[in-house]
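# Breakdown of the fold
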Amino acid sequence: MSIESIKTESHTTNSLKRLERLSFWDPIQAVDPGWDALYQQGVIVDFVPNDEGKVSEVTFRLEKSREQHLERIIESSGT
């Protein structure tokens with residue numbers, strides 16, 4: 001997702017400038033299993049800073065075991 005999409009869809013009050021900073025995303029990517037809500041829900045956050053050291057896109061994906069669980073649910077529902 002683009003940073004602009006994340007801002008719009010999440011309704012965050014953070015500015016685009018703040019959302020582009022590595023310092024915003026690095027702790028989320030580093031994951032503290034004790035408190036990180038995304039990690040606790042099985043979401044992995046990936047991004048690659050651009051040449052200016054800013055984040056312009058972030059990929060959210062399910063942790064492998066949760067992805068496999070979701071696939072089993074989909075297969076068992078016949079869709």
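Predicted model, so just to flag it, every value in this text is computed and none were measured.

Calculation notes
Residues numbered from 1 in each chain as written. Predicted model: local features only at pLDDT ≥ 70, side-chain atom pairs only at ≥ 80, totals over all residues. Heavy atoms only, no water. Salt bridge = Lys/Arg side-chain N within 4 Å of Asp/Glu carboxyl O. Helix = DSSP H or I, 4+ residues; strand = E, 2+ residues; numbered from the N terminus. Buried < 20%, exposed > 50% of the residue type's maximum accessible area, 1.4 Å probe, protein only. pLDDT = per-residue confidence, 0-100. Patch = residues over 30% accessible without salt bridge, like charges linked within 9 Å, V, L, I, M, F, W, Y side chains within 5 Å. Areas by Shrake-Rupley, 256 points an atom, 1.4 Å probe, with all protein chains shown as cover. Lys, Arg positive; Asp, Glu negative; His and termini not counted. Charge placed at Lys NZ, Arg CZ, Asp CG, Glu CD.

## Examining the pattern of salt bridges
Tallied over the entire structure, the rule returns 1 salt bridge. Across the pair Asp 46 and Arg 61 runs a salt bridge, and its minimum N-O distance is 2.8 Å. In this pair, Asp 46 is assigned in strand β1 (residues 43–46) and Arg 61 in strand β2 (residues 59–62), connecting sequence segments 15 residues apart. Given a relative accessible area of 42%, Arg 61 falls into the partly exposed group.

## Description of the confidence of the model for the chain
On average, the chain scores 88 in pLDDT, and the residues at 70 or more come to 94%. Averaged pLDDT values over the elements of the chain bottom out at 77 in helix α4 (residues 37–40) and peak at 96 in helix α2 (residues 16–19).

## Thoughts on unusual backbone geometry
Positive phi, close to 60°, is recorded for His 11, a residue that is not glycine. Topologically, His 11 is positioned in the loop between α1 (3–10) and α2.

## Some words on a positive patch on the surface
Together, Lys 17, Arg 18, Arg 21 and Lys 54 line one region of the surface with positive charge. Along the chain, the position of Arg 21 falls in the loop between α2 and α3 (22–30).

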